[in-house]
Amino acid sequence: MTIFGTIDVLSFLVFAPAIGALIVLLLPQNKWLARWVALAFAAILCGVSVAVFFAYNHAVPDYQFVIQTKWFDLLGSSWHIGIDGISATMILLTGLLTPLAVLVSFEVEDRVNAHMALILFFATGLFGVFVAMDLMVFFLFYELSLVPMYFIIDQWGGPNRKYASTKFFIYSMGGSLGMLLATQLIGFTAHTFDIQQLTTIWPAFNGANGTFLGIPIETVKGLAFAGFFVAFCIKVPVWPFHTWLPDAHSEAPTAGSMLLAGVMLKLGAYGFLRLVIPLFPDVWISQISIFGLSISVAGLFAVLAVLGIVLGAFAAFGQTDIKRLVAYSSVNHMGFVALGLAVAALAYAQSYFKVAGIDPQTAILAMNGAVFQMFNHGLSSAGMFLLAGAVYHKTHTRDMTQYGGFWVKAPIYGGIFIFTSMASLGLPGLNGFVSEFLVVRGAWPVFTVLTLIAMIGLLFTGGYILKGIRAVLHGPFNMHWRDYHLEIDLREFVAIAPLMVLMLVTGLAPNWILSVINASVTRIFGG
Amino acid sequence: MVPLYMYLLVAAGMFCIGVYGVLARRNAVAILMSVELMLSAVNINLIAFWRYGAPTLIAGQVFAAFVFVIAAAEASVGLAIIISIYRTRRSVTVEDVNLLKG
Amino acid sequence: MDWNSFISNGNFLPWLIPVGPLLAFLIITLLTNRSKWIPATSEEYGGSHPDYGGMLVPVVTDTSRVVSVVVGLIGILFAWIVSLIVVAHAFAIDHLGENVIASSGTWFDTGVTAFKMGILVDPLTTIMLIMVPLACTCIFIYSVGYMAHDPRQSRFFSLIALFAGAMLTLVVADNLLLLFVGWEVMGLCSYMLIGFWFEKESAYKAAIKAFTTTRVADVIMLLGIAYLYASTGTLSFRDILHNQATLTALAHSPAILFGGLGWSAASLIGIFLVVGTIGKSAQFPLHVWLPDAMEGPTPVSAMIHAAAMVSAGVYMIIRMYPLLSAGGDPGAGILSPPMVLMSVVGAFTALFAATIAVAQNDIKKVLAYSTISQLGFMVSALGIGAYIAAAFHLITHAFFKALLFMASGSVIHGMEHGEHHVHEHHAHAHGHDELAAAHDQHPAMSEAHVEAVEAVTGEEPAAAIGDESGEGHPAEPTAHVEPHAEQPTKVGPVFDPQDMFNMGGLRKTMPVTFYTFLLGGLSLAGFPLITAGFWSKDEILGDAWHGTLLGFGASALVFIFLAVAAFLTAFYTMRQIGLTFWGDARTEEAKHASLGKGIVAVTMTLPLIILAFFAVVAGFVGVSPQFPILGSIFSSGGFSPFEHFVGATLLTEPEAVPFNVFPVLVSFAVSLGGLYAGYLLYWRKPLVAGEVDPMVNMLGPVYPILKNKYYVDELYIRVFVKPSQWFAANVAYQFIDKGIIDGFLSLIARVFTWIGDLLKNLNLWLIDGVGDGVPEAIGKFGGWIRWLQSGEIQQYMLYVAIAALVIGIIFALTTGVLHAAP
């Protein structure tokens with residue numbers, strides 16, 4: 001598909017934000033101009049991504065809009081991009097959130113051009129990852145997305161931003177290091193970086209008689225797996241690799257938190273389902289022994305996921321800082337993504353080796369749930385961060401004990417806050433429920449006890465959500481804020497309204513997006 | 001017919017005059033003129049060798065033509081530089097222009 | 001599909017039932033909820049809210065108040081009318097149990113199949129469609145008057161509209177997931193409505209408690225749904241419950257968990273679902289939220305208790321009965337594990353809650369505990385297989401309990417009216433500051449209410465309500481909240497308009513309320529023959545006795561527990577009526593209590609009359625055909641209309657229990673005995689002001705236990721709430737995340753910093769030694785050759801010339817060019 005006559009639409013999505021960023025950066029130092037030009041660019045991106053999503057034909061559940069051009073012949077890497085239903089969903093999410101983040105960051109007064117440019121540039125990294133069909137392209141953009149976010153946190157963040165941004169960067173780079181090694185190892189042995197080819201070559205790769213450079217092939221694959229696994233676990237984040245997240249999210253400016261939680265976390269989950277699951281079926285089902293307990297790697301992943309769900313919910317429940325509470329809710333919600341992925345990984349490995357095991361229907365539902373949860377979490381966490389940022393921007397404190405009874409002064413904000421909180425809580429009728437249900441349904445027959453434990457997390461999801469509502473809206477009004485403006489601004493309202501509409505529509509009629517996801521997921525499992 | 005070495009002698013003489021001019025004159029315009037002299041000497045050499053060495057080929061003349069062009073270009077650029085220097089320093093004496101001093 | 005065929009096709013009509021209220025919700029929320037900003041000290045804002053020192057607060061404008069009310073009423077009336085059409089349509093169908101009204105569409109794709117979502121009207125849904133919209137409509141009408149002075153009436157109407165919409169969705173749902181959607185949305189609405197007066201600590205705490213407690217059950221229920229879906233691949237009621245093969249398969253496949261107990265998959269799913277009902281229908285041990293839910297405005301209480309939320313719980317287990325009983329045969333005394341759970345929990349709860357109700361003084365709390373108790377009747381009835389009886393009691397109970405709640409709301413409203421009157425009187429007589437007049441005219445319980453209640457009995461105040469919200473900081477930072485110096489000055493002890501000991505003699509000033517309350521109360525007490533409550537309760541006891549005769553332990557247990565509970569029910573009902581309406585007024589406020597005149601009085605009494613009618617006659621549809629005399633009048637043809645109709649919902653219609661005179665006699669005895677006991681203590685010689693409750697002396701040391709609800713709240717706070725708060729703040733966050741994980745990371749960071757320092761020092765003496773030496777030498781050399789670069793172009797050219805000469809000479813000498821040229 002091309003736009004403007006000849007430009008490939010996916011390449012446009014990848015490069016247009018970078019060009020836009022450059023233009024915004026070079027504009028005269030005029031806040032008004034920078035904001036509106038950035039918004040215009042973001043709106044174009046949004047329009048194009050929506051168009052891409054709806055132009056994607058899910059009746060043909062294969063990669064579409066594929067472009068393959070010479071790029072880096074020496075390495076066997078090419079500019080190979082295309083999307084399937086999963087990428088289309090993620091592109092839609094990125095496209096939706098970028099203009100909203102730009103709109104929200106109108107509140108930034110300091111070095112506006114640079115801020116806007118970084119947000120746009122960030123979109124380049126995200127789109128690049130989601131369209132990549134080549135491992136080098138994937139890695140390149142995966143790393144690229146890190147840089148603008150680092151500067152956004154580091155330059156425009158809260159009081160503790162230096163610590164948070166450094167932690168964020170070091171954590172991510174620590175993960176990337178292993179990923180780079182694994183990428184090179186795989187590319188070196190397979191002589192290609194094409195992900196689709198690798199999907200068949202690498203799992204079957206057996207080295208020279210079971211060794212590679214003198215090392216047993218299991219070890220090599222295990223190391224490559226570990227490289228990817230840790231990198232993506234950090235990004236998702238899977239417990240216990242999550243402690244960068246509360247700091248980064250709570251210190252980032254509102255727009256940064258929105259994008260961070262809304263899309264950046266999805267890079268990790270996307271990496272899992274695009275690379276780690278198809279490339280390492282043998283590792284996923286291999287048994288490892290911990291303290292005498294034998295468990296498959298996928299099972300271990302599920303354990304970590306459930307720990308994330310439960311401990312994330314508890315940690316959120318224990319917060320008094322509103323942005324930290326929302327940040328921990330991401331750990332909790334992304335745990336469900338990870339749980340769904342664990343089921344999918346196990347099922348994929350079993351079907352790869354043609355071992356009897358998980359019912360394909362279960363696996364499809366689990367993975368549908370995981371991908372759908374990625375989308376839903378993108379909507380609701382972005383909304384929650386927007387609202388937390390809105391109240392922070394007005395009161396200049398994130399300490400919830402200082403709030404109280406805001407509903408009386410901010411009735412519209414109150415209604416929106418409750419609505420969004422309920423979406424985050426997974427209230428049936430809103431978006432999060434369907435995906436959580438699908439994950440629970442998928443995980444139940446496979447990891448029964450773990451799913452049971454995960455319910456504790458689901459219970460405390462209610463706990464922290466209600467705690468947040470109670471702290472902000474309920475109770476006697478704190479007269480300290482008597483003369484403050486607390487009601488939501490029109491600009492913030494405009495930014496959250498599309499999210500709310502999507503939450504409701506997706507909750508009531510999820511098939512507009514789930515059918516697209518389902519088709520591609522079904523193809524992966526050969527259904 | 002005049003033998004080849006006569007041409008070469010003339011050319012060598014002209015060249016030496018040119019070298020002397022370049023090294024000894026202080027006026028930049030004179031230096032430029034000396035450079036032209038050196039180029040002319042080279043041209044004489046080229047034509048002479050062509051005529052005596054390979055009169056059937058056109059290469060020698062072409063080389064000479066190139067040299068003319070380059071000489072013209074060099075003169076114009078050189079003069080432009082000199083004028084520019086003169087405007088800023090009110091002088092075309094090369095000793096006054098030693099910005100490259102290390 | 002065009003609109004006409006949609007309307008004319010009866011199968012599509014049920015889709016429209018929830019649409020009215022849901023649309024009303026959207027319209028009110030988005031369009032008609034308009035507020036004006038006025039100072040909080042204004043009379044219009046209502047005196048019971050904090051006045052915030054005159055800060056501007058939103059109050060719904062008169063126009064939007066009227067429009068919202070009208071929109072809400074239109075919405076519910078639309079639902080009611082459509083329901084009636086559907087019901088009429090359903091009655092016209094022969095064998096509705098087989099030929100159900102159904103339609104569905106794809107909700108989302110699941111692999112190559114799809115999950116379908118749709119509506120189903122079978123006999124069970126039909127009877128719910130008779131009860132729910134009617135009760136909801138009454139509640140809506142009642143709310144017009146009850147909330148007429150609330151500054152947020154529009155919000156109230158939008159929420160009850162959503163509530164009604166969710167309940168109707170749940171009723172017409174054709175699958176468990178859609179039912180769960182309605183179920184949870186109702187949970188949200190109850191949370192919002194219980195915490196409607198969100199400034200009050202007791203209100204928002206009760207709201208959080210309700211939501212959290214029911215959520216405990218809901219997540220378990222979600223597992224049950226997931227398990228069922230995983231096992232059968234569908235959640236449609238018809239596909240699962242009307243399919244003997246599926247049920248048998250479920251009953252014979254072993255459970256995925258707790259294998260040691262020998263349960264089948266059906267049992268485990270059933271237990272998960274029953275746990276959902278235990279939470280939603282407030283059964284022990286998850287009953288604690290319901291009494292606190294009385295913090296909400298009274299129509300909410302009626303909504304929660306009668307028409308919607310708690311009924312939903314029972315409706316769900318009645319609906320899922322074939323699954324719950326799969327693997328068992330109640331007719332032969334073989335109960336499946338979920339049924340055992342239901343009968344034990346239900347019977348215990350029925351008695352447990354009834355004993356607590358005996359010792360409560362708050363008019364709404366008594367009703368709340370009575371609700372818990374009555375729900376226990378239904379759950380235990382279903383537990384022993386009395387399917388029809390449970391459904392029957394669900395319907396009759398909804399009518400009389402809605403009536404009782406709304407009548408008690410009228411009483412409270414009247415008491416507040418009286419209080420207002422008294423204060424105004426005071427203000428005139430003694431020239432008190434006029435703020436006092438505005439104080440507490442609103443139907444909100446003041447925060448001091450708990451103390452007020454306790455003060456009467458002289459007990460320690462109960463340790464408040466469970467703060468499930470998990471305040472990490474128990475001490476509210478009151479330092480930031482300026483003291484409420486602006487609040488109205490309190491004159492004397494706080495008056496509690498809900499305390500029955502402040503009432504008395506209300507029959508004189510509020511006759512309509514009295515007679516309707518009396519009818520509702522008698523129905524609740526099961527006054528023989530003429531009330532609906534008698535017939536439904538009698539049927540439960542009859543079923544239980546039938547099982548007892550056959551020697552089934554569970555039935556015997558249920559029979560005994562329920563009989564005792566029924567006795568207590570009659571007793572506390574009489575106590576309530578006696579304390580509230582009989583005798584003389586015990587306070588000035590009660591003397592002046594009235595509903596006043598105008599629209600408020602009309603809208604608050606009309607629904608009572610409608611419901612009173614149903615509270616009496618609704619029972620006659622379920623009279624046992626063998627009942628002497630009456631049986632032949634109401635149930636000609638050998639079966640009662642209700643039984644025959646609802647029984648058709650099941651695959652095999654349950655057999656009617658043979659008539660036995662013993663349970664009827666027991667029903668007579670417990671009902672009349674309880675009423676008589678109440679009459680003796682509270683009616684014959686009504687209490688006068690200041691007199692101590694006879695219960696205190698009679699029960700002795702037991703009284704405080706009952707009064708404090710067996711200290712369950714306190715137990716939960718100590719065992720669940722506080723530890724989880726502590727765990728969240730200290731373990732999950734501080735210890736694991738901050739301590740272990742971040743500690744580990746900073747340890748690594750420290751190690752690497754140390755290594756880095758080491759390397760740095762290494763550099764200083766080793767590498768720097770070399771590294772610094774080389775540039776230094778180069779620098780010196782550079783300084784030395786600096787003079788070569790004079791900047792004079794001619795000098796450079798001289799070098800070039802010299803170099804060229806030298807190179808040329810060397811070249812000539814070494815290659816012998818000179819020699820070669822002759």
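Quick notes on the rules
Residues numbered from 1 in each chain as written. Chains lettered and ligands numbered in written order. Predicted model: local features only at pLDDT ≥ 70, side-chain atom pairs only at ≥ 80, totals over all residues. Heavy atoms only, no water. Helix = DSSP H or I, 4+ residues; strand = E, 2+ residues; numbered from the N terminus. Rg over C-alpha atoms; globule rule 2.2 N^0.38 Å. Buried < 20%, exposed > 50% of the residue type's maximum accessible area, 1.4 Å probe, protein only. Contact = heavy atoms within 4.5 Å. Areas by Shrake-Rupley, 256 points an atom, 1.4 Å probe, with all protein chains shown as cover. Lys, Arg positive; Asp, Glu negative; His and termini not counted. Charge placed at Lys NZ, Arg CZ, Asp CG, Glu CD. Expected span 1.5 Å × (residues − 1). Buried area = accessible area lost by both parts, 1.4 Å probe. Salt bridge = Lys/Arg side-chain N within 4 Å of Asp/Glu carboxyl O. Polar contact = N/O pair within 3.5 Å; in protein donor to acceptor, adjacent residues only side chain to side chain. Nonpolar A, V, L, I, M, F, W, Y, C, P; charged D, E, K, R; others polar. Axes fitted to C-alpha atoms, helices over the stretch in contact; angles between N-to-C directions. Parallel < 35°, antiparallel > 145°, perpendicular 65-115°, else oblique. Left-handed = near helix turned anticlockwise from the far one by under 90°.

A. Region of interest: the overall build of chain A. Check the secondary structure of chain A and you find 20 helices and eight strands. Over its C-alpha atoms chain A spans a radius of gyration of 22 Å, differing by no more than 12% from the 24 Å that the globule rule assigns to 527 residues. Its C-alpha atoms give chain A principal-axis dimensions of roughly 75 × 55 × 45 Å. When each of the 527 residues of chain A is scored for burial, the buried share is 69%. Looking at chain A alone, contacts between residues at least 24 apart form 79% of all its contacts between residues at least 6 apart. Accessible surface computed for chain A: about 15,300 Å², of which carbon and sulfur atoms make up 70%. Separation of charge centres in chain A, based on 23 positive and 23 negative side chains, amounts to 5 Å.

B. Summary view of helix 3 (residues 59–89) of chain B. Residue and element names in this part refer to chain B. Under the 1.5 Å per step criterion, the end-to-end length of helix 3 is 44 Å for 31 residues, consistent within 8% with the ideal 45 Å. Listed in full, the buried residues belonging to helix 3 are Gly60, Ala64, Val67, Ala71, Ala75, Gly78 and Ile82. The inward-facing, buried residues of helix 3 abut helix 2 (28–53). After helix 3 finishes, the residue Arg90 shows a positive phi value of roughly 55°.

C. View of the interface of chain C and chain B. Counting from both sides, the interface comprises 11 residues of chain C and, opposite them, 13 residues of chain B. When chain C packs against chain B, close to 970 Å² is buried across both sides, 58% of that on carbon and sulfur atoms. In this structure, the connection of chain C to chain B is made through zero salt bridges. If you look at where chain C meets chain B, you find zero residue pairs in polar contact (both at pLDDT 80 or more). Here the residues of the side of chain C that touches chain B are counted per class, giving five nonpolar, four polar and two charged.

D. Main features of the packing of helix 16 (residues 363–383) of chain C against helix 23 (residues 553–581) of chain C. All names here are of chain C. In contact at an axis separation of 11 Å, helix 16 and helix 23 are set at 160° when each is read in the N-to-C sense. Comparing their axes, helix 23 and helix 16 come out roughly antiparallel. Classified by chirality, the crossing of helix 23 by helix 16 is left-handed. Contacts between helix 16 and helix 23 involve Ile363, Val366, Leu367, Ser370, Ser373, Gln374, Phe377 and Ser380 on the former and, on the latter, Val558, Leu562, Ala565, Ala566, Thr569, Tyr572, Gln576 and Thr580. Split into classes, the residues belonging to the contact of helix 16 with helix 23 amount to nine nonpolar, seven polar and no charged.

Just distances and angles here, no functional claims.
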